[in-house]
Amino acid sequence: MGEKATMQMLTKCYPKNSLLTVMDRYSAVVRNMEQVVMIPSLLRDVQLSAHGCQVQAGAPDLYNCFTMLKAIRVDVDNGLLPRDEWQAKVAAGKPDEAENEAAETEEAGEERVSGKLDLESQFYLHFSSLHHILTHLTLKAEEVTRKYQEIMGQAM
């Protein structure tokens, strides 16, 4: 039944540029990446190809991309954590109080700005940004999968 449910999720018919289509595609591509990448540790210290460009110093390796893509998929599939749980999760990763104060100050600034902007403009800005980011992350997941398959082809 699990496989049938997955297939149903992938065959939902939304308009091509619908955020739901982009979210479904992202989830499907990351699930595929998780199934293909059987030994994630092989991705350590392997950089994403920059399509003929020099790899940037300090750029995350494929292992970090793999774990980030998986974590984001969980949020896409299950929804956001309640705000206080999310803040606790972020604080656990970054215990610096100065950063928390800076985030609160930025948040207060955003609230002031949001009062000046109309909600429709804000919605469109965030909606289009989310669409763009999910599309970019989907391409990144496809590249991680492809690179892993190349590594495994060389290893065999």
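Residues numbered from 1 in each chain as written. Predicted model: local features only at pLDDT ≥ 70, side-chain atom pairs only at ≥ 80, totals over all residues. Heavy atoms only, no water.

- Under an unreviewed UniProt entry, the name given to the protein is Thyroid hormone-inducible hepatic protein, and the organism recorded is Camelus dromedarius.
- What the UniProt record of the protein gives under Sequence similarities (unreviewed entry) is the line "Belongs to the SPOT14 family." (UniProt positions renumbered as here; feature names shortened; annotations may be inferred.)

## Observations regarding the overall build of the protein
Inference 1: Helix and strand counts for the protein come out as 6 helices and 0 strands.
Inference 2: Starting at the N terminus and ending at the C terminus, the protein contains elements arranged as α-α-α-α-α-α.
Inference 3: Here the protein, with 156 residues, has 23% of them falling under the buried criterion.
Inference 4: Long-range contacts, defined here as pairs at least 24 residues apart, represent 70% of the contacts in the protein between residues at least 6 apart.
Inference 5: Accessible surface for the protein amounts to roughly 11,500 Å². Of this, 58% is attributable to carbon and sulfur atoms. (Helix = DSSP H or I, 4+ residues; strand = E, 2+ residues; numbered from the N terminus. Buried < 20%, exposed > 50% of the residue type's maximum accessible area, 1.4 Å probe, protein only. Contact = heavy atoms within 4.5 Å. Areas by Shrake-Rupley, 256 points an atom, 1.4 Å probe, with all protein chains shown as cover.)

## A short note on the environment of leucine 69
Inference 1: Mapped onto the secondary structure, leucine 69 falls in helix H3 (residues 62-78).
Inference 2: Here leucine 69 falls in the buried class, since its relative accessible area comes to 0%.
Inference 3: Excluding anything up to four places from it in sequence, leucine 69 contacts Tyr26, Val30, Met33, Leu137, Lys140, Ala141 and Val144.

## Overview of the nonpolar core
Among soluble globular proteins, nonpolar side chains are generally buried collectively.
Inference 1: If you look at the biggest cluster of nonpolar residues, it comprises 23 residues, and the most contacted ones within it are Tyr26, Met33, Leu43, Leu69 and Val144.
Inference 2: Where this core is concerned, the elements lending two or more residues are helix H2 (19-36), H3 and helix H6 (119-155).
Inference 3: The element contributing the most residues to this core is H6, with 7 residues.
Inference 4: Those residues in contact with methionine 33 that lie beyond four places of it in its chain are Phe66, Leu69, Lys70, Ala141, Val144 and Thr145. (Core = buried A, V, L, I, M, F, W, Y, C linked by side-chain atoms within 4.5 Å.)

## Concerning unusual backbone geometry
Inference 1: A positive phi angle is found at aspartate 45, which is not glycine, with a value near 65 degrees.
Inference 2: Mapped onto the elements of the fold, aspartate 45 is located in the loop between H2 and H3.
Inference 3: Under the relative-accessibility criterion, aspartate 45 is labelled exposed at 70%.

## Remarks on the confidence of the model for the protein
Inference 1: Mean pLDDT for the protein: 79, with 69% of residues reaching 70 or above.
Inference 2: H2 holds the highest mean pLDDT among the elements of the protein, 95, whereas helix H1 (residues 2-10) holds the lowest, 43.
Inference 3: Between residues 1-9, whose pLDDT stays under 50, and residues either more than four places distant or in other chains, the model counts 2 contacts. (pLDDT = per-residue confidence, 0-100.)

## A closer look at the packing of aromatic side chains
Inference 1: Evaluated as defined, the whole model comprises 1 aromatic pair.
Inference 2: Here the guanidinium or amino end of arginine 44 rests over the ring plane of tyrosine 63, the centre of that ring lying 3.8 Å away. (Phe/Tyr/Trp six-rings, centres within 6.5 Å; stacked < 30°, edge-to-face > 60°. Lys NZ or Arg CZ within 6 Å of the ring centre and 35° of its normal.)

## Looking at the pattern of salt bridges
Inference 1: Under the criterion given, the structure shown has 7 salt bridges.
Inference 2: Aspartate 77 serves as the salt-bridge partner of arginine 31, at 2.7 Å between the closest nitrogen and oxygen. With arginine 31 in helix H2 and aspartate 77 in helix H3, this residue pair connects regions lying 46 residues apart in the sequence.
Inference 3: Look at arginine 31 and you get partly exposed, because its relative accessible area is 24%.
Inference 4: A relative accessible area of 29% places aspartate 77 in the partly exposed class.
Inference 5: The shortest N-O distance in the salt bridge between arginine 146 and glutamate 150 comes to 2.4 Å. Of the two residues, arginine 146 and glutamate 150 are both situated in helix H6; the distance of 4 residues between them amounts to about one turn of the helix. (Salt bridge = Lys/Arg side-chain N within 4 Å of Asp/Glu carboxyl O.)

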